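Each chain, letter by letter, is given below.
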Amino acid sequence: QVEFVESGGGLVQPMGSLRLSCIVSATASFFRQNPMSWYREAPGQQRELIATISRDESTNYAPPVRGRFTISRDNRENTVYLQMNSLKPEDTADYYCNLPRGNPAFRDDWGQGTQVTVSS
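About the thresholds
- Residues numbered from 1 in each chain as written.
- Predicted model: local features only at pLDDT ≥ 70, side-chain atom pairs only at ≥ 80, totals over all residues.
- Heavy atoms only, no water.
- Helix = DSSP H or I, 4+ residues; strand = E, 2+ residues; numbered from the N terminus.
- Buried < 20%, exposed > 50% of the residue type's maximum accessible area, 1.4 Å probe, protein only.
- Polar contact = N/O pair within 3.5 Å; in protein donor to acceptor, adjacent residues only side chain to side chain.
- Contact = heavy atoms within 4.5 Å.
- Phe/Tyr/Trp six-rings, centres within 6.5 Å; stacked < 30°, edge-to-face > 60°.
- Core = buried A, V, L, I, M, F, W, Y, C linked by side-chain atoms within 4.5 Å.
- Pairing = 2+ DSSP bridges.
- Axes fitted to C-alpha atoms, helices over the stretch in contact; angles between N-to-C directions.
- Salt bridge = Lys/Arg side-chain N within 4 Å of Asp/Glu carboxyl O.

Student: Help me out: how do you make sense of the side chain of Asp-91 in this one?
Tutor: With respect to the secondary-structure elements, Asp-91 resides in the loop between strand 8 (79–84) and strand 9 (93–98). With a relative accessible area of 0%, Asp-91 lands in the buried category. Of the polar contacts made by the side chain of Asp-91, one reaches the side chain of Arg-68; its length is 2.7 Å. Setting aside residues up to four positions removed in sequence, Asp-91 forms contacts with Arg-40, Arg-68, Phe-69, Ser-86, Val-116 and Val-118.

This is the structure in structure tokens:
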């Protein structure tokens, strides 16, 4: 059983920063051996992949967040992070973690997510 618990969201002004965390309830070997991703779902839009970190810690970002967001992982704590800087109103969304879609271990049952609102 793999579960995701996201936290760290909140209300922030434009150009502000937030750090999101996702604790993955799984065996240490599962977490260590798999890539992890952050997704977001804005109101009225589909959930989109925004950042991925591989097991060797190489990273990829969607164009809207590249250069502003940083994904990282702590294999000792089964936790994946998303540092978000220079936030924009269009970053307002619910944020979720999971494995990358297409990974055999991708989970259909998502966590509750964490809400980020960027507004003055």
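Student: Can you walk me through the packing of aromatic side chains in this structure?
Tutor: For any pair of aromatic rings, the description rests on two quantities: the centre-to-centre distance and the angle between the ring planes. This model, assessed by the stated rule, comprises three aromatic pairs. Look at Tyr-96 and Trp-110: their rings are 5.9 Å apart centre to centre, the planes differ by 75°, and that puts the pair in the edge-to-face class. Within this pair, whereas Tyr-96 is found in strand 9, its partner Trp-110 is found in the loop between strand 9 and strand 10 (114–118), the two being separated by 14 residues in sequence. Pairing Phe-106 with Trp-110 gives two aromatic rings, centres 5.6 Å apart and planes at 75°, and the pair type is edge-to-face.

Student: Can you walk me through the nonpolar core in this structure?
Tutor: A general trend in soluble globular proteins is that nonpolar side chains are found buried together. In this structure, Trp-38, Leu-82, Met-84 and Tyr-95 are the most contacted members of the largest nonpolar core, which totals 30 residues. Per element, the largest residue contribution to this core is four residues, and it comes from strand 3 (residues 18–25). Apart from residues lying up to four places away in sequence, Met-84 is in contact with Gly-16, Ser-17, Leu-18, Leu-20, Arg-68, Phe-69, Tyr-95 and Val-116.

Student: Could you clarify how one ought to interpret the environment of Pro-89 in this entry?
Tutor: For Pro-89, the position within the fold is in the loop between strand 8 and strand 9. Relative accessible area serves as the criterion here: at 46%, Pro-89 is assigned to the partly exposed category. Note: C-alpha distance between Pro-89 and Met-15 (74 residues apart in sequence) is 9.1 Å. If we ignore the near neighbours within four places in the chain, the residues touching Pro-89 are Pro-14 and Val-118.

Student: What am I meant to see in the sheet that holds strand 9 here?
Tutor: The strands making up a sheet are joined through hydrogen bonds of the backbone, oriented either antiparallel or parallel. An order of 2-10-9-4-5-6 is seen for the six strands of this open sheet, with the pairing classed as mixed. Edge positions in the sheet fall to strand 2 (10–12) and strand 6 (59–61), since each has one partner strand and no second. Each neighbouring strand pair of the sheet contributes to a mean axis angle of 25°, computed without reference to strand direction. Bridge count between strand 9 and strand 10: three bridges; the pairing is antiparallel. Residue pairing in the sheet places Tyr-95 in a bridge with Thr-114 of strand 10.

Student: Looking at this model, I keep getting lost on the pattern of salt bridges. Mind explaining?
Tutor: Side chains that differ in charge, positive against negative, can pair when their charged atoms come close. For the structure shown, the criterion picks out six salt bridges. Here Glu-41 and Arg-47 are joined by a salt bridge, their closest N and O atoms 2.8 Å apart. As a salt-bridge pair, Asp-91 and Arg-68 come within 2.7 Å of each other at their nearest N and O atoms. Here Asp-91 is found in the loop between strand 8 and strand 9, whereas its partner Arg-68 is found in the loop between strand 6 and strand 7 (69–74), with 23 residues between them in sequence. Through salt bridges with shared partners, a single network forms among Arg-40, Glu-48, Arg-68 and Asp-91.

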